[in-house]
Amino acid sequence: MIYLNVMKHALSLILLVLSALPLTAHPHIFVDTGLDLRFDDQNRLIEVRMTWAYDDLYSLLITEDRGLDPDFDGVLTEAEQADLQGFDMNWSEGFNGDLVILQDGAPLALSGPMQATAVYADGRITTTHVRRVSGAEEAGVIEVKPYDKTYYTAYDITLPVQIEGSDACGKRIEVPDVAAGLAAMGDQLNQMDAFMTDEEWAAMPDLGVLLTSTVVVTCDIS
């Protein structure tokens, strides 16, 4: 949702500012996250629907930037509602949608976003989109990791996580060790340079994974 060129610019500024300060890392956008995981009749993951509920401040920035809700009554007109649809789906080439899905440690292929929706209520924007999953097998541990590599956006799995299409699959949520993750992130940021080349940016450390919660799914097919 924060596109690659924006992330690069933002992180460059962060690194410049932090060069003379004790190094810390913190996100600027907070997203309550939910997932609907759809399985086929062979217990293979085939689709995931993401729900993103943006924090109040970011929601306000988006509505003001797009000229929505100018009377501040918290209700969008039909035209304003139409304008909001898909605002966060214009992804840059190569952007992974802030989502990684692994099965037995190997990444599964994900389609681009489909069936996008957006609503504005109680001062917050909530959007959904669907992504198809390719390459999943009926057996094996699935790990679903919604996170931003740069940690500019923080995803917190606070909304429902549901499994559809299979009674054999169960889930649990693993939360990170925040203190250890922040320490490791600080170590990695200390080794980065705000004036890195494009090639160096492409190979930058995966910061966000250090602090991401993970949905772990296992299926009993015996």
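Structural notes, computed from the coordinates. Computed from a predicted model, the values in this text were never measured in an experiment.

**Remarks on the nonpolar core**
Consideration 1: Counting 37 residues, the largest nonpolar core has Leu35, Leu37, Leu84 and Ile101 as its most contacted members.
Consideration 2: Where this core is concerned, the elements lending two or more residues are strand 1 (29-39), strand 2 (45-54), helix 2 (56-65), strand 3 (99-103), strand 6 (114-121), strand 7 (124-134), strand 8 (142-146) and strand 12 (214-219).
Consideration 3: Non-local contacts of Leu84, meaning those with residues more than four positions away in its chain, are made with Ile62, Arg66, Leu68, Leu76, Ala118, Val119, Tyr120 and Ile125.
Consideration 4: Ranked by size, the runner-up nonpolar core spans 6 residues in total, among them Tyr151, Ala154, Met185 and Leu189.

**A look at the pattern of salt bridges**
Consideration 1: Scanning all chains against the criterion turns up 5 salt bridges.
Consideration 2: The salt bridge partner of Arg44 is Asp40, with a shortest N-O separation of 2.8 Å.
Consideration 3: Residue classification places Arg44 among the partly exposed positions, given a relative accessible area of 30%.
Consideration 4: Note on Asp40: relative accessible area 14%, which makes it buried.
Consideration 5: Close ionic contact of Arg172 with Glu174 constitutes a salt bridge, the shortest N to O distance being 2.8 Å.
Consideration 6: Residue Arg172 is classed as partly exposed on the basis of its relative accessible area of 44%.

**Thoughts on the state of the cysteines**
Consideration 1: Under the definition given, this model contains 1 disulfide.
Consideration 2: Each sulfur in the disulfide pair Cys169 and Cys219 lies 1.9 Å from the other. Where Cys169 bonds to Cys219 through sulfur, the torsion about that S-S bond is close to 100°, and the disulfide is right-handed. Here the residue Cys169 occupies a position in strand 11 (residues 169-174), and Cys219 occupies one in strand 12, the gap between them amounting to 50 residues.
Consideration 3: Given a relative accessible area of 11%, Cys169 falls into the buried group.
Consideration 4: Judged by relative accessible area, Cys219 falls into the buried class, the value being 18%.

**What about the packing of aromatic side chains?**
Consideration 1: Applying the stated criterion across every chain, the model contains 4 aromatic pairs.
Consideration 2: A ring pair is formed by Tyr54 and Tyr58, whose centres lie 5.2 Å apart and whose planes are at 40°; its orientation type is tilted. Per residue, the accessibility class of Tyr54 equals that of Tyr58, and both read buried.
Consideration 3: Connected via pairs of aromatic rings, a cluster forms that spans Tyr54, Tyr58 and Phe87.

Analysis parameters
- Residues numbered from 1 in each chain as written.
- Predicted model: local features only at pLDDT ≥ 70, side-chain atom pairs only at ≥ 80, totals over all residues.
- Heavy atoms only, no water.
- Core = buried A, V, L, I, M, F, W, Y, C linked by side-chain atoms within 4.5 Å.
- Buried < 20%, exposed > 50% of the residue type's maximum accessible area, 1.4 Å probe, protein only.
- Helix = DSSP H or I, 4+ residues; strand = E, 2+ residues; numbered from the N terminus.
- Contact = heavy atoms within 4.5 Å.
- Salt bridge = Lys/Arg side-chain N within 4 Å of Asp/Glu carboxyl O.
- Disulfide = S-S within 2.5 Å.
- Phe/Tyr/Trp six-rings, centres within 6.5 Å; stacked < 30°, edge-to-face > 60°.

Such coordinate-based values are descriptive only and should not be taken to indicate function.
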